[in-house]
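# Per-entry structural report
Spelled out from the first residue to the last, the chains are:
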Amino acid sequence: MVLPLIPTVHCDSNTTSLTASALQSIRTTVAVPESELKRWRRTFDANAKVINGEKYLDPESFVTAIAPREDSSKIALAQFSILFRVADASKRGHVSWEDFVVFQTGLKRPDADYWMAFQYFDVDNSGFISYDEFKTVFSANIGPDAIPFDFNCDWVKLYLGKKNGAHVLGYNEFTQLMKGLQGERLRQAFRYLDTDQDGFIRPDEFKQIILEIAGHKLSDAVIERLPTLCTLTPGQRISYSEVIAFHNVVRDMDMIERIIREVTATSKDGRIDQSDFLNYAAAHSRYSLFTPMEASIIFHFAGRGNGGQRLALIDFAQLLDARWKAPIDHVDAKPHKESFLNSFAHSTFNFGLGGVAGAFGATIVYPIDMGTCSMQNQRSTVVGQLLYKNSLDCAQKIFRNEGFLGFYRGLGPQLVGVAPEKAIKLTVNDLIRGRAMDPETGRIKLVWELFAGGMAGGCQVVFTNPLEIVKIRLQVQGETAKIEGAVPKGAVHIIRQLGVLGLYRGASACLMRDIPFSAIYFPAYSHLKKDVFQEGYNGKQLSFLETLGAAGIAGMPAAYLTTPADVVKTRLQVEARKGQTHYKGLRDAFVKIYREEGFRALYKGGPARVLRSSPQFGFTLLAYEELKKAYPWAEAPPKVETALTSRRDEMSRIRARNALKILLDVHGDFGRRAAALKVNGGR
């Protein structure tokens, strides 16, 4: 059982026993696993400097050891040195291994952010914070140009009493004071700047207030537009209610981001307006989360002053991401248009990736394809020609008569054909989808999804049909050779026998199969990734198995529903033997198969076709997606990356950042003047 490392501080606890107990319980580190100690040791040794034969962390190396690697805020790396004063318990100016273990153990607490802030204010290590300590630490860190704070206000007296020193803050009381401090600072700052006492301040004064208490939470673009808040109402000035509303927006930014991400993900066009935002927030919460004024402020800054328009997720980036920078060509430059040569090169690149991916998928499932073709070609009306009872029986007989290599008969032409086939299919689909896609939302209308898939399937027939007819004849001649004693013929002989026009026999059936197949497959694959596996939701990237699953599942309905066209195509392309029905064309084949063999004959090999097409396209699309990730053609389109979607860092580093944020909420310059702090010997 893991015991609490630090007892909760109460304001009526004995000072000496409290401090001794807390420090002793941390230093024992009884609840710290050995693997964790090794990780801390590795971090310490990697950053420590040798002083007098011993390893220590100075302020710079300490910051490197504890700061988040990929911070999603505007907090400068150097500002983490504020926490050095907390870790340097011995006040020597450097942190030993023992000090580092104590600090890291403190970061294991679920309330580590407030605990570190409490230690920063508790200058004398008494376990309590007096009025003088609070005032001195606060004043020493805000600078002479900051908006003054009245420590004798009623709000402070509610926490610390009317008589200075009569009431000290324990840990739990301190956390509540810090949580409400920004609101009180906001109220006092507005009253201080509202010299006319008419309930309004100037836009530049509003900007000054926000920079002091929340500048580290906002992007430069939003900061520059802060004065434009005055345009929401007539008068060119900003009221107290608007200041409070803006502060509420900043405070609840995580909730706002979640709502925006979810509502834009469910929107038909990937865009939302204020009504969509408020309706979604109301439908997914017990009480009303946001006022109309707060919603107006959100859309005002996201819409760059035009809050009435429908906005995509990318429009909210400057409000949600404190690190957001405007694109260089955003204002004056014309939108970049891809040149013909670059577009051609891009398509050629995708063509190559599609060919490799297609060959990979085809090789894996070729034995299944062999069985499918053999099942579809047998004629139930010809006596003695019912060679296979089912797919399993077919596989057993192929293996018995031809061995393992029999499953791969005709693979050569298949690989030669599958490369351009899959390459054309994937390239055309990507090309049309890219042209039809909204660049801001990443959305594409369903009609364009169907059109892109259908066109991809139609274009591939130019290469598919000749190669499939050769492949099919190579596949079916194996059993024929065993029965009739004929010598198997090669691909070259078959091509010469058919001629150019003969290579396109059954092309109409091939089109009838491939166009609906791709029109079903690609939209299904896209929506499975997005709607079922939640790709892109809060920055999610699909795993290996999720991508394979989406690609495989999409192939099931596409393969089975197009089986009748595949059966007809196979019958038209296979050379009929003596006693078998001859087909004049597509319509004739459909009619004769239905009359002679029944409706079920049109779905012969349907399950085997699903078993072949589903994994083939699963592995093909998986390979294609992974190849595009490994060899990207260009930079990925801009995404909204925030703390909500960024890769999770070590929890200790996250809590160190959060502890610093609590201190910066007091003032954006907090800690920069820490060297001036000298109270009871300082530390």
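These figures come from a predicted structure and were not determined experimentally.

A word on the overall build of the protein chain. Across its full length, the protein chain carries 27 helices and six strands. Here the protein chain holds 683 residues, and the buried ones make up 52% of them. Considering only contacts in the protein chain between residues 6 or more positions apart, those separated by 24 or more positions represent 74%.

Right, let's talk about the environment of Val249 for a bit. Tracing the chain through its elements places Val249 in helix H12 (residues 240-251). Residue class for Val249 comes out buried when judged on its relative accessible area of 2%. Expressed as a C-alpha distance, the spacing of Val249 and Phe290, which sit 41 residues apart in the sequence, is 8.5 Å.

Looking now at unusual backbone geometry. For Asn52, which is not glycine, the phi dihedral falls at a positive 55 degrees. By secondary structure assignment, the location of Asn52 is in the loop between strand S1 (49-51) and strand S2 (54-56). Phi is positive for Arg304, which is not a glycine, with a value near 55 degrees. Counting through the fold element by element, Arg304 comes out in the loop between helix H15 (292-302) and strand S6 (311-312). On the basis of relative accessibility, which here comes to 29%, the residue Arg304 falls in the partly exposed class.

Turning our attention to H12. Between its first and last C-alpha, H12 extends 16 Å over 12 residues, near the 16 Å set by a 1.5 Å rise per residue. By the burial criterion, the buried members of H12 are Glu242, Val243, Ala245, Phe246, His247, Asn248, Val249 and Val250. Looking at the buried positions of H12, the neighbouring elements they touch are helix H9 (171-193), strand S3 (200-201), helix H10 (203-214), strand S4 (238-239), helix H13 (253-266) and H15.

The subject of this paragraph is the side chain of Ser526. As for its position among the elements, Ser526 is in helix H22 (residues 507-532). A relative accessible area of 19% places Ser526 in the buried class. Other than its neighbours up to four places away in sequence, Ser526 contacts Arg433 and Glu449.

For H13, which comprises 14 residues, the first-to-last C-alpha distance of 20 Å matches the rise-based estimate of 20 Å (1.5 Å per residue) to within 8%. Taken together, the buried positions of H13 are Met253, Ile256, Glu257, Ile259, Ile260, Arg261, Val263 and Thr264. Here the buried face of H13 lies against H12, strand S5 (271-272), helix H14 (274-283), H15 and helix H16 (317-320).

Attention now goes to the packing of aromatic side chains. Following the criterion strictly, the structure yields 32 aromatic pairs and no others. Ring centres of Phe206 and Phe246 lie 5.4 Å apart, and the angle between their planes is 85 degrees; on these two criteria the pair is classed as edge-to-face. You can see Phe206 sitting in helix H10 and its partner Phe246 sitting in helix H12, a full 40 residues away along the chain. On the basis of relative accessible area, Phe206 is assigned to the buried category, the value being 0%. A relative accessible area of 1% means that Phe246 is categorised as buried. Summarising the aromatic geometry, the rings of Phe277 and Phe290 are spaced 5.3 Å apart at their centres and angled 45 degrees between planes, so their arrangement reads as tilted. Of the two residues, Phe277 sits in helix H14 while Phe290 sits in the loop between H14 and H15, which places them 13 residues apart along the sequence. The pair Phe277 / Phe290 is uniform in exposure class, with both members buried. Over the ring of Trp115 we find Arg109, and its NZ or CZ is 4.3 Å from the ring centre. Above the ring of Tyr171, the side-chain terminus of Arg109 is found at 5.8 Å from the ring centroid.

Residues at a pLDDT of 70 or more form 78% of the protein chain, whose mean pLDDT is 79. Element-level pLDDT for the protein chain is lowest in helix H1 (residues 15-28), with a mean of 49, against a maximum mean of 95 in S4. For the stretch residues 1-18, pLDDT sits under 50, and the model shows 37 contacts to residues farther than four places along the chain or on other chains. Between residues 674-683, whose pLDDT stays under 50, and residues either more than four places distant or in other chains, the model counts 18 contacts.

The next subject is the pattern of salt bridges. In this structure the tally under the stated criterion is 30 salt bridges. Taking the shortest distance from any N to any O, the salt bridge between Asp45 and Lys55 comes out at 3.6 Å. Placement of the pair is Asp45 in helix H2 (residues 34-47) and Lys55 in strand S2, with a sequence separation of 10 residues. The partner of Asp531 in a salt bridge is Lys530, with the nearest N and O atoms 3.3 Å apart.

As a further point, take the packing of H13 against H14. Relative to each other, H13 and H14 sit at 110 degrees, their axes nearing to 10 Å. With respect to their mutual orientation, H13 and H14 come out roughly perpendicular. Counting all contacts with H13, which are made through Ile256, Ile259, Ile260, Glu262 and Val263, the residues of H14 involved are Asp276, Phe277, Tyr280 and Ala281. Its residues assigned to classes, the contact of H13 with H14 shows seven nonpolar, no polar and two charged.

Below, the discussion takes up the packing of H9 against H12. At their nearest, the axes of H9 and H12 sit 11 Å apart, and the two run at 155 degrees to each other. Looking at the two axes, H9 sits roughly antiparallel to H12. The hand of the H9/H12 crossing is right-handed. In this structure, H9 contributes Gln182, Leu186, Arg187 and Phe190 to the contact, and H12 contributes Tyr240, Val243, Ile244 and His247. Residue composition of the contact of H9 with H12, grouped by class: five nonpolar, two polar and one charged.

What counts, and at which threshold
Residues numbered from 1 in each chain as written. Predicted model: local features only at pLDDT ≥ 70, side-chain atom pairs only at ≥ 80, totals over all residues. Heavy atoms only, no water. Helix = DSSP H or I, 4+ residues; strand = E, 2+ residues; numbered from the N terminus. Buried < 20%, exposed > 50% of the residue type's maximum accessible area, 1.4 Å probe, protein only. Contact = heavy atoms within 4.5 Å. Expected span 1.5 Å × (residues − 1). Phe/Tyr/Trp six-rings, centres within 6.5 Å; stacked < 30°, edge-to-face > 60°. Lys NZ or Arg CZ within 6 Å of the ring centre and 35° of its normal. pLDDT = per-residue confidence, 0-100. Salt bridge = Lys/Arg side-chain N within 4 Å of Asp/Glu carboxyl O. Axes fitted to C-alpha atoms, helices over the stretch in contact; angles between N-to-C directions. Parallel < 35°, antiparallel > 145°, perpendicular 65-115°, else oblique. Nonpolar A, V, L, I, M, F, W, Y, C, P; charged D, E, K, R; others polar. Left-handed = near helix turned anticlockwise from the far one by under 90°.

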